[in-house]
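What follows is each chain in one-letter form.
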Amino acid sequence: MTLRQTLTKRQRLRAALAVVSMMQKCDSNDNPKCFIRKALTKREQNVINRELELLDVAEKIMAHEGFSGLTMDKLVAACDYSKGTVYNHFANKEDLFCALSIKGMKFIISLVKRALKMQGNSREKCLAIVYAQQLHSQMHATASFCVLMVKTPAVLERASVGRIAIQRELEMEITLLVDELIGQAADCGDLTLNRREEINGICFALWSMSFGSSAILASAQDAEAVARLDMFNALLFNVNVLLDGFKWLPMSNELDYQATWLRIGKEVFAAEVAALS
């Protein structure tokens, strides 16, 4: 008798869910030869697809009812699966929030990797990374806040250890990608750094500015300070002020970054921009 034959249905499902966690680190767009994907059985692939489907349903609930409106019971009611099946994927609401955050992080990382491949100088690539953050906030306005939600004690205490670990690994991955760009800018003379700590500070400043500005622009458009802005160029203005402050060359009065901003949307993120339209 084979191992598969001796496993109960619940044990096989648990094993498949473990594969889902491993898949968080193995994206087909980045690594089409990933051995995990190649080894998946049809049952395991179905489990992965079902989890993605459940996350889509959860995101739609949040979009209409906010964070407090998303409960496990509402997710069960809105999907085509039993309560037991849903709880096999997510131990509780906090675990679900963590899964949504992981999904968002993977989406942002995929955009950032494309941003870093664009043709242009280091500052233009930095603009593309900021543009990616804005796209995430526009395409997943409510779910994008899960990145902060999972840092609260309530979530950290109840979400699964495995998902929290994956979340932290993804945070490290995107931080290292931005760190690398800042280092490349310094190496080519676009940016002057006096010590390693400045890379950490610039990375944080970029994240806090792009995340905060994007979130406000996406969710508070009726606020007076936002409603009067040119929405398309508001984030570009903010990032140029920030990068000019760091003296990241070329300065905003030396290059037409408005043209760069338009080019990023047309050449790097055309599909996402089209989806928003």
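In the block above lies the structure referred to throughout.
Before going into details, it helps to say that this report is about the structure given with it. (Residues numbered from 1 in each chain as written. Predicted model: local features only at pLDDT ≥ 70, side-chain atom pairs only at ≥ 80, totals over all residues. Heavy atoms only, no water.)

### Thoughts on the overall build of the protein chain
Moving on, step 1. Tallying secondary structure elements over the protein chain gives 16 helices and zero strands in all.
Moving on, step 2. Buried residues in the protein chain amount to 45% of all 277 residues.
Moving on, step 3. Partitioning the intrachain contacts of the protein chain with sequence separation of at least 6 by distance along the chain shows that 72% fall at a separation of at least 24.
Moving on, step 4. Looking at the protein chain as shown, the accessible area adds up to about 14,500 Å², and 56% of this sits on carbon and sulfur atoms. (Helix = DSSP H or I, 4+ residues; strand = E, 2+ residues; numbered from the N terminus. Buried < 20%, exposed > 50% of the residue type's maximum accessible area, 1.4 Å probe, protein only. Contact = heavy atoms within 4.5 Å. Areas by Shrake-Rupley, 256 points an atom, 1.4 Å probe, with all protein chains shown as cover.)

### Overview of the packing of aromatic side chains
Moving on, step 1. Evaluated as defined, the whole model comprises six aromatic pairs.
Moving on, step 2. With a centroid separation of 5.8 Å and an interplanar angle of 20°, the aromatic rings of Tyr131 and Phe269 are classed as stacked. With Tyr131 in helix H8 (residues 122–139) and Phe269 in the loop between helix H15 (257–268) and helix H16 (270–276), this pair connects stretches of sequence that are 138 residues apart. Grouping residues by exposure puts Tyr131 and Phe269 together as buried.
Moving on, step 3. Through a chain of ring-to-ring contacts, three or more aromatic side chains come together here, namely Phe145, Phe204, Trp207 and Phe211.
Moving on, step 4. Here the guanidinium or amino end of Arg50 rests over the ring plane of Tyr81, the centre of that ring lying 5.7 Å away. (Phe/Tyr/Trp six-rings, centres within 6.5 Å; stacked < 30°, edge-to-face > 60°. Lys NZ or Arg CZ within 6 Å of the ring centre and 35° of its normal.)

### Regarding unusual backbone geometry
Moving on, step 1. The omega angle of the peptide bond from Leu249 to Pro250 is -10°, so this bond is cis rather than trans.
Moving on, step 2. Position of Pro250 relative to the elements: it lies in the loop between helix H14 (234–245) and H15.
Moving on, step 3. Positive phi outside glycine occurs at Lys247, with the angle close to 60°.
Moving on, step 4. Tracing the backbone shows Lys247 in the loop between H14 and H15.

### As for a nonpolar patch on the surface
Moving on, step 1. Together, Leu148, Phe204 and Trp207 make up a nonpolar patch on the protein surface, roughly 310 Å² of accessible area in all.
Moving on, step 2. Relative to the helices and strands, Phe204 is located in helix H12 (residues 197–219).
Moving on, step 3. On the basis of relative accessibility, which here comes to 53%, the residue Phe204 falls in the exposed class. (Patch = residues over 30% accessible without salt bridge, like charges linked within 9 Å, V, L, I, M, F, W, Y side chains within 5 Å. Salt bridge = Lys/Arg side-chain N within 4 Å of Asp/Glu carboxyl O.)

### A closer look at H8
Moving on, step 1. Taking 1.5 Å per residue, 18 residues should reach 26 Å; H8 reaches 26 Å between its end C-alpha atoms and fits that length.
Moving on, step 2. Capping of H8 at its N-terminal end is provided by Asn121; its side-chain oxygen lies 3.0 Å from the backbone amide nitrogen of Arg123. (Expected span 1.5 Å × (residues − 1). Polar contact = N/O pair within 3.5 Å; in protein donor to acceptor, adjacent residues only side chain to side chain.)

### Thoughts on the nonpolar core
It is characteristic of soluble globular proteins that their nonpolar side chains tend to be buried jointly.
Moving on, step 1. Formed by 68 residues in total, the largest nonpolar core has its most connected members in Phe90, Leu96, Leu100, Trp248, Ile264 and Phe269.
Moving on, step 2. Per element, the largest residue contribution to this core is twelve residues, and it comes from helix H7 (residues 93–116). (Core = buried A, V, L, I, M, F, W, Y, C linked by side-chain atoms within 4.5 Å.)

### Concerning the side chain of Ser122
Moving on, step 1. Its place among the elements puts Ser122 in helix H8.
Moving on, step 2. By relative accessible area, which is 8% here, Ser122 ends up buried.
Moving on, step 3. Among all residues touching Ser122, those that are not within four sequence positions of it are Leu181, Ala185, Asp190, Trp248 and Leu249.

### Some words on the state of the cysteines
Moving on, step 1. Under the criterion given, the structure shown has zero disulfides.
Moving on, step 2. Of all cysteine sulfurs, the one in Cys98 lies closest to Cys146, which takes part in no disulfide; the gap is 9.3 Å. (Disulfide = S-S within 2.5 Å.)

### So, the pattern of salt bridges
Moving on, step 1. A complete count under the given rule lists 14 salt bridges for this structure.
Moving on, step 2. Here Asp95 ties to Arg163 by a salt bridge, and the two come within 2.7 Å at their closest N and O atoms. With Asp95 in helix H7 and Arg163 in helix H11 (residues 161–187), the pair connects residues that are 68 residues apart, well separated along the chain.
Moving on, step 3. Through salt bridges with shared partners, a single ionic network connects Glu51, Asp95 and Arg163.

### Describing H7
Moving on, step 1. Relative to the 34 Å expected for 24 residues at 1.5 Å per residue, H7 spans 35 Å between its end C-alpha atoms, a close match to the ideal helical length.
Moving on, step 2. Most of H7 sits out of view: 18 of its 24 residues are buried.

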